[in-house]
Amino acid sequence: EKGGFDHFMLKEIHEQPKAYRDTMRGRISEDGKNVVLPELTTLTPETLKGINRVHIVACGTAMHAGLVGKTVIETLVRIPVETDVASEYRYRSPIITPETLVIVVSQSGETADTLAALREAQRCGAKVLAITNVVGSSVAREADDVIITLAGPEIAVASTKAYTSQLIAFYLFGLYWAQTTGSQTAEQIAHILAAMDSLPEQVERILSQADTIKTVAEDISKSSSLFFIGRGLDFAVALEGSLKLKEISYIHSEAYAAGELKHGTLALIEEGVPVIALLTQEDLYEKTLSNIKETKARGAHVLAIVNEGHEAEVAKSVDRQFAIPRTLQLLSPALSVVPLQLLSYYASLALGHDVDKPRNLAKSVTVE
Ligand code: F6R
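Residues numbered from 1 in each chain as written. Predicted model: local features only at pLDDT ≥ 70, side-chain atom pairs only at ≥ 80, totals over all residues. Heavy atoms only, no water.

Novice: Hey, could you run me through the overall build of the protein in this one?
Specialist: Secondary structure assignment for the protein yields 14 helices and 10 strands. A globule of 368 residues ought to have a C-alpha radius of gyration of about 21 Å, and the protein, at 20 Å, matches this closely. The C-alpha extent of the protein, read off along each of the three principal axes, is 55 × 45 × 45 Å. Expressed as a percentage of its 368 residues, the buried residues of the protein come to 57%. When contacts within the protein are restricted to residue pairs at least 6 apart in sequence, long-range pairs at least 24 apart make up 76% of them. Element-wise, carbon and sulfur atoms account for 51% of the exposed surface of the protein, whose accessible area totals about 14,400 Å². Considering the protein, the positive charge centre built from 35 side chains and the negative charge centre built from 46 side chains are found 1 Å apart. (Helix = DSSP H or I, 4+ residues; strand = E, 2+ residues; numbered from the N terminus. Rg over C-alpha atoms; globule rule 2.2 N^0.38 Å. Buried < 20%, exposed > 50% of the residue type's maximum accessible area, 1.4 Å probe, protein only. Contact = heavy atoms within 4.5 Å. Areas by Shrake-Rupley, 256 points an atom, 1.4 Å probe, with all protein chains shown as cover. Lys, Arg positive; Asp, Glu negative; His and termini not counted. Charge placed at Lys NZ, Arg CZ, Asp CG, Glu CD.)

Novice: Please clarify how the environment of Lys-161 should be interpreted in this entry.
Specialist: Among the secondary structure elements, Lys-161 is positioned in helix H8 (residues 161-181). When the C-alpha positions of Lys-161 and Leu-150 are compared, they lie 9.4 Å apart, and in sequence the two are 11 residues distant. Other than its neighbours up to four places away in sequence, Lys-161 contacts Glu-12, Glu-15, Gln-16, Ala-19, Ala-151, Gly-152, Pro-153 and Glu-154.

Novice: I'm lost on the environment of Val-85 in this one. Help?
Specialist: Position of Val-85 among the secondary structure elements: in strand E2 (residues 81-85). Residue Val-85 is classed as partly exposed on the basis of its relative accessible area, which comes to 30%. A sequence separation of 28 residues divides Val-85 from Asp-113, and the C-alpha atoms of the two residues are 8.8 Å apart. If we skip the residues at most four places from it in the chain, Val-85 touches Val-57, Ala-58 and Met-63.

Novice: Where do I start with the nonpolar core in this structure?
Specialist: Nonpolar side chains in soluble globular proteins tend to be buried together. Among the nonpolar cores identified, the biggest contains 88 residues, and Val-54, Ile-73, Ile-103, Tyr-171, Phe-173, Trp-177 and Met-196 are the most heavily contacted of them. Once residues lying within four places of it in the same chain are set aside, the contact partners of Met-196 are Met-24, Ile-168, Tyr-171, Leu-172, Leu-175 and Leu-331. Core analysis: the second largest hydrophobic core is formed by 20 residues, Ile-229, Val-275, Leu-279 and Ala-304 among them. (Core = buried A, V, L, I, M, F, W, Y, C linked by side-chain atoms within 4.5 Å.)

Novice: Which parts of the structure should I look at to understand the site of the ligand?
Specialist: Around the ligand sit 13 residues, and of these Ser-106, Gln-107, Ser-108, Thr-111 and Glu-247 come closest. Ser-108 places a polar side-chain atom, nitrogen or oxygen, 2.7 Å from an oxygen atom of the ligand. Between the ligand and Lys-244 there is a distance of 2.8 Å, counted from an oxygen atom to a side-chain nitrogen or oxygen. Calculation on the ligand without its partners gives an accessible area of 400 Å², and the protein chains cover 89% of this total. Looking at the shell around the ligand, the elements that each hand over two or more residues are helix H4 (60-77) and helix H11 (233-249). At three residues, H4 tops the list of elements feeding residues into the shell around the ligand. (Near = heavy atom within 4 Å. Polar contact = N/O pair within 3.5 Å; in protein donor to acceptor, adjacent residues only side chain to side chain.)

Quick look at the structure:
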């Protein structure tokens, strides 16, 4: 049942290229130039034209996918997006109108807080789009429209392929919406779709270097605390990398926006503290590199996740690095999270924990 892998989590990490292909299949036109989402029956081009704000609501890892979704929609469609934790959303009197699109993201489709947020949004007259992995789940049944992620069943408690499939769903939906409003040119859309087409093979290349990450993970497993840093989408991925590590290895970590470190947190960076720095956003490269140097100057032991081609330049400022294949910076979370998933898997393994069933966690959280 684990297909030759020691754990479901490792199997599911390795299933990501297939999950990307399955989630994209049939949703991109034959010529590779357009997104087709016939499943959207409420969110017709006409309805989408009337939307003036978006709320993305989810829990945990799905919320982290929503943080990427925010940047995707704001970049491609130029409509303001807020991303919220579902257990906070309902209680802060969010401003929801019939012109609001609420996107709920849930692998299981049964998370109580997410379902409650969906109901509240509909009560206020908003349209709700669900991104879920389970056909026939409560969220799928109640939402106005559904984009199913085709990740296949996810057994390990720590979500991996469901998260990355949610990213693919956001890219497809963002591009689809941009097509209907004309906020991106046909050339730009075709360019992004071409880059998406390469993602599965690029993930395969990352997976083939899992042993490099295993070595780093064994070192990190000896630490009691560490930091993940990044800017922009790298920060969103840092949050996910930190959550993954905490939930299955029980090592404390914090994800920080790299530019925010100097507003207090640098005090915790001392000799030998591991820092995992994400450096994939080309527009923010210089700024993040200078934040990495700030940690290095205080004795941090830095692992950088970099784009191929930057290795020589980055080598002077970090202790170790892992290069990921080049893609568009909007798409890089779909690659950069993979080494972090492997890092948490191998750290948990090195510590002898139950990787697939971490303590105190359930796969589906049906209480608020
Ligand atoms: C972390 C994890 C959880 C879930 C969260 C939401 O690896 O799996 O944080 O992402 O409980 O679950 P769903 O997506 O089923 O609503």
